[in-house]
Amino acid sequence: MRLLRFFVVGVLVEATCAGVMFRVAVAQDSTPSALPALVASPPQQMPVYGTPEVSPYPSTSAPEVTAALAPYNDVMPGAATPASVSNNNSGDNGNDSGPLYAPYGSPDAMTAARAADANANAERAYIGRENWRWQLMPTGLLYKTYLAGAFEPRIGSTIVHERTRAWLWNASAGARVGIVRFGTDDPLYPQGWQLDIEGAAFPRLDLENQEDMVSCDFRAGIPLTTRQGPWEAKFGYYHLSSHLGDEYILTHDDYRRINYVRESLLLGLAVYLNPSLRLYSEAGWAFYTDGGAKPWEFQFGVDFSSPEPSGPTGDPFFAINAHLRQENDFGGNLSVQTGWQWRGRTGQLFRLGMQYFNGMSDQRQFYDSFEEQIGFGVWYDF
C-alpha cells in the first residue's frame with residue numbers, strides 16, 4: 001500500500017515537470033524569426049482616433065481630367081503625329097504603343113519646336129535673300145541721289161549771290177523713281193536690283209533783271225542700280241543738253257549760244273561707313289558730245305544724312321560734292337551744303353539750308369566761266 005502511494009506521487013511530479021518544460025519550449029518558438037508567415041503578411045491599418053489634422057497648404061494634386069484630349073496635330077499644327085500612336089482611345093486588346101496626345105514636353109514635341117526655331121533663325125539670317133521678289137513701281141531708291149550734286153534730278157530752289165552776276169535763282173524740277181525692282185520692299189533699307197528712270201530741268205533766272213531766263217539745262221536717263229548691305233552701285237545712260245534763255249539772248253546780243261550736248265554712260269559706287277555716312281564716286285564717259293563738251297567727267301563726295309524717319313524735330317545734314325570735267329582740263333567745281341532735314345516713313349527727304357559753290361559753272365552754257373556762289377535753298381528728293 002505504501003509502495004503504491006509513492007508510485008502515484010512520482011507520476012504526478014513527472015507530469016508537472018513535463019508541462020512546465022512544454023510551456024518554455026512554446027515560448028521560445030514564438031519569436032519573430034520563428035514566424036515568417038507573420039512577417040510576410042501585409043501590415044494592418046491602425047484605426048484613426050480623433051479628427052485628423054488639416055494641412056494649412058493647398059492641395060497640389062491636379063483634378064482628374066475626364067474630357068478627351070485633342071489630337072497631337074491639333075495641339076502642334078504642322079507637326080506630324082507619330083505613326084506608333086493609335087487613333088483608338090481604347091486600344092486594341094490593350095496593346096497601344098503610345099498615347100493619342102503627346103504633351104509639349106515630350107521628345108517629339110521638343111524636336112518639332114527646335115526645328116521651328118532653327119527655321120526661324122535661318123529665315124532671319126537670310127532675310128535679305130528670302131524676301132526678294134519682283135516689284136513694279138517700288139518705293140525708295142537703292143542708289144541714293146547725291147545731296148550736294150548740282151545736276152541731280154530733284155525738286156529744289158536756291159537763291160544765291162554770285163560775285164559777278166549778283167542775285168540768281170537756280171532751280172530744279174524733276175525726280176528719279178524706280179520702275180521695277182527685284183529685291184526687298186523696305187523703303188528705308190532696300191536691297192536688290194532696280195531699274196530707275198530720271199528726268200529734270202535746271203533753269204536759272206536773273207533776279208536783277210525782272211527774273212529773266214538766263215539758261216536752262218535738261219537731263220534724262222535710265223540707271224540700273226543695286227544695293228548689297230552697305231554697298232551701292234549704278235550703271236546707266238543719261239542725256240544732257242543746255243539751252244540759252246530767249247530773254248538773255250535779247251539783252252546780250254553779243255553772246256553766242258552753244259549747242260552743248262552729252263550722251264553718256266556712267267558708273268557709280270558708294271559705301272556706307274555707318275547708316276548716316278556715305279562716301280561715293282562716279283565716272284562718266286560720253287560717246288557723243290557737241291558744243292565744247294568732252295568725253296570724261298568724274299565726281300566724288302560725302303553725304304551725312306540720317307536714314308531714319310525724323311519726325312517734326314528733324315535732323316542735321318551735311319554734304320560735299322566735287323565735279324571734275326575734261327572740258328575744263330579736269331578742273332571743275334566744289335559744292336557744299338549743310339542745314340536741317342526731315343525724312344518721311346517711305347524715305348522721301350525734305351531739306352533746307354545753305355549752299356556754297358566755287359568753280360566752273362554748272363550751267364553748261366557757261367561751262368568755261370568761273371563762278372562763286374553762296375545762298376540758301378530748299379530741296380526735296382523722292
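## Some remarks on the overall build of the chain
On a plain count of helices and strands, the chain comes out with six helices and 13 strands. Across the 382 residues of the chain, 37% fall into the buried class. The contacts in the chain between residues at least 6 apart in sequence include a share of 60% that link residues at least 24 apart.

## Considering the nonpolar core
Within the largest apolar cluster, nine residues are counted, these being Phe151, Ala200, Phe202, Tyr238, Leu240, Tyr260, Leu266, Ala293 and Tyr367. Elements supplying a minimum of two residues to this core: β4 (192–206) and β6 (231–244).

## Concerning the pattern of salt bridges
Considering all chains together, one arrives at 16 salt bridges under this definition. Among the salt bridges present, the one from Arg204 reaches Glu371, with a minimum N-O distance of 2.9 Å. You can see Arg204 sitting in strand β4 and its partner Glu371 sitting in strand β13 (residues 370–381), a full 167 residues away along the chain. One salt bridge connects Glu282 with Lys234, and the closest N-O pair in it is separated by 3.2 Å. Remark: Lys234 occurs in strand β6 and Glu282 occurs in strand β8 (residues 277–290); sequence separation between them is 48 residues. By relative accessible area, Glu282 is classed as buried at 8%. Through salt bridges with shared partners, one network takes in Arg165, Arg204, Asp362 and Glu371.

## What about unusual backbone geometry?
At Asp329, a position not held by glycine, the phi torsion is positive, near 55 degrees. Tracing the sequence through the fold places Asp329 in the loop between β10 (315–325) and β11 (331–343).

## Quick look at the pairing of β11
Pairing of β10 with β11, which is carried by eleven bridges, proceeds in the antiparallel orientation. When the bridges of β11 are listed, Ala319 appears paired with Gln337.

## Remarks on the packing of aromatic side chains
Tallied over the full model, the rule gives 15 aromatic pairs. With a centroid separation of 5.6 Å and an interplanar angle of 90 degrees, the aromatic rings of Trp132 and Phe182 are classed as edge-to-face. Within this pair, whereas Trp132 is found in the loop between α5 (127–130) and β1 (133–136), its partner Phe182 is found in strand β3 (residues 166–183), the two being separated by 50 residues in sequence. Ring geometry for Trp134 and Phe182: centres 5.0 Å apart, planes at 40 degrees, overall tilted.

## A word on the environment of Gly183
Looking at where Gly183 falls in the secondary structure, it is placed in strand β3. Given the relative accessible area of 0%, Gly183 is considered buried. Sequence separation between Gly183 and Gln135 is 48 residues, and the spatial gap between their C-alpha atoms is 7.9 Å. Not counting chain neighbours up to four residues away, the residues in contact with Gly183 comprise Asn131, Trp132, Arg133, Gln135, Gln191 and Gly192.

## Remarks on the side chain of Asp381
With respect to the helices and strands, Asp381 occurs in strand β13. Separated by 2.9 Å, the side chains of Asp381 and Arg154 make a polar contact. Not counting chain neighbours up to four residues away, the residues in contact with Asp381 comprise Thr145, Pro153, Arg154, Gln348, Leu349 and Arg351.

## Description of the confidence of the model for the chain
Chain-level statistics for the chain give a pLDDT mean of 79 and a share of 66% at 70 or above. Segment residues 20–40: pLDDT under 50, and three contacts once partners within four positions in sequence are set aside and those in other chains are kept. For residues 109–128, every residue scores under 50 in pLDDT, and the model assigns this stretch ten contacts once sequence neighbours within four places are set aside.

## Here we look at the environment of Met354
Locating Met354 in the fold gives a position in strand β12 (residues 349–360). Given a relative accessible area of 31%, Met354 falls into the partly exposed group. Here the alpha-carbon distance between Met354 and Trp340, two residues 14 residues apart in the chain, equals 9.6 Å. Discounting chain neighbours no more than four positions away, the residues touching Met354 are Val336, Gln337, Thr338, Ile374, Gly375, Phe376 and Trp379.

Each value, and the rule that gives it
- Residues numbered from 1 in each chain as written.
- Predicted model: local features only at pLDDT ≥ 70, side-chain atom pairs only at ≥ 80, totals over all residues.
- Heavy atoms only, no water.
- Helix = DSSP H or I, 4+ residues; strand = E, 2+ residues; numbered from the N terminus.
- Buried < 20%, exposed > 50% of the residue type's maximum accessible area, 1.4 Å probe, protein only.
- Contact = heavy atoms within 4.5 Å.
- Core = buried A, V, L, I, M, F, W, Y, C linked by side-chain atoms within 4.5 Å.
- Salt bridge = Lys/Arg side-chain N within 4 Å of Asp/Glu carboxyl O.
- Pairing = 2+ DSSP bridges.
- Phe/Tyr/Trp six-rings, centres within 6.5 Å; stacked < 30°, edge-to-face > 60°.
- Polar contact = N/O pair within 3.5 Å; in protein donor to acceptor, adjacent residues only side chain to side chain.
- pLDDT = per-residue confidence, 0-100.

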